[in-house]
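# Coordinates in review
The lines below spell out each chain.
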Amino acid sequence: MLLALLSSHEARAEFTVCNQTLDVVNLAVGQKVDNTDQTDGWWTIGANQCVNVIREELTNRYIYIYATDVFGHATLTGSTEMCIDRRRFSIRGIDECWQRGHIAARFLEVDTLEQVRWTFFLTGSNP
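Residues numbered from 1 in each chain as written. Predicted model: local features only at pLDDT ≥ 70, side-chain atom pairs only at ≥ 80, totals over all residues. Heavy atoms only, no water.

## A few points about the nonpolar core
Phe-15, Leu-27, Val-53, Ile-65 and Phe-120 are the most contacted members of the largest nonpolar core, which has 18 residues in total. Going through the elements one at a time, strand 1 (15–19), strand 2 (25–33), strand 4 (49–54), strand 5 (62–68), strand 9 (103–111) and strand 10 (118–122) are the ones with two or more residues in this core. Judged by nonpolar contacts, the second largest core, of 14 residues, contains Trp-42, Cys-83, Ile-84 and Ile-94. (Core = buried A, V, L, I, M, F, W, Y, C linked by side-chain atoms within 4.5 Å. Buried < 20%, exposed > 50% of the residue type's maximum accessible area, 1.4 Å probe, protein only. Helix = DSSP H or I, 4+ residues; strand = E, 2+ residues; numbered from the N terminus.)

## Section: unusual backbone geometry
The omega torsion of the bond from Gly-41 to Trp-42 falls at 5°, within 30 degrees of zero and hence cis. Inspection of the secondary structure puts Trp-42 in strand 3 (residues 36–45). For Glu-114, which is not glycine, the phi dihedral falls at a positive 65°. Locating Glu-114 in the fold gives a position in the loop between strand 9 and strand 10. Accessibility expressed as a relative area gives 61% for Glu-114, which makes it exposed.

## A word on the pairing of strand 5
Summarising burial for strand 5: six of the seven residues are buried, a large majority. Pairing geometry for strand 2 and strand 5, over five bridges, is antiparallel. Of the residues in strand 5, the one forming a bridge with Val-29 is Ile-65. With two bridges joining them, strand 5 and strand 6 (residues 74–76) adopt antiparallel strand pairing. Counted as the bridge partner of Thr-68 is Ala-74 from strand 6. (Pairing = 2+ DSSP bridges.)

## Quick look at the packing of aromatic side chains
Think of a pair of aromatic rings as described by two things: how far the centres are apart, and how the planes are tilted against each other in angle. As enumerated under the stated definition, the model contains three aromatic pairs in all. Here the aromatic rings of Trp-42 and Tyr-66 are separated by 6.4 Å at their centres, their planes lie at 50°, and the arrangement is tilted. Linking Trp-42 in strand 3 with Tyr-66 in strand 5, this pair joins segments that are 24 residues apart in sequence. The pair Trp-42 / Tyr-66 is uniform in exposure class, with both members buried. Each ring, one from Trp-42 and one from Phe-89, has its centre 5.5 Å from the other, and the planes form 80°; the classification is edge-to-face. (Phe/Tyr/Trp six-rings, centres within 6.5 Å; stacked < 30°, edge-to-face > 60°.)

Remember that the coordinates give geometry; whether it matters functionally is a separate question.
See the structure below:
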């Protein structure tokens, strides 16, 4: 019975982020949806916990993630500029964030190597 539960749970978790830090983080995710860049947020991930942020099999090689601490300070950034908002959001397009009333943030590019499932481990030493 337990194996069946684990198997069905794993089938739904196609992109998972595990927070291996001692802090709670808020996570935003970017990816291509219908050939348009889209960002979604926020997922709150407790210390030493994992969250499934994309539940379908991955169709994009690259997924983009951005994380903040509970005070809104960036804890994980990269070099790809995308849009976020202060509250829960789903934003189509990554250009002209400020002009469209959003906040520009630098997302970290995660190369999933074209796998259909991927887990990213957020540690204190991420770039």
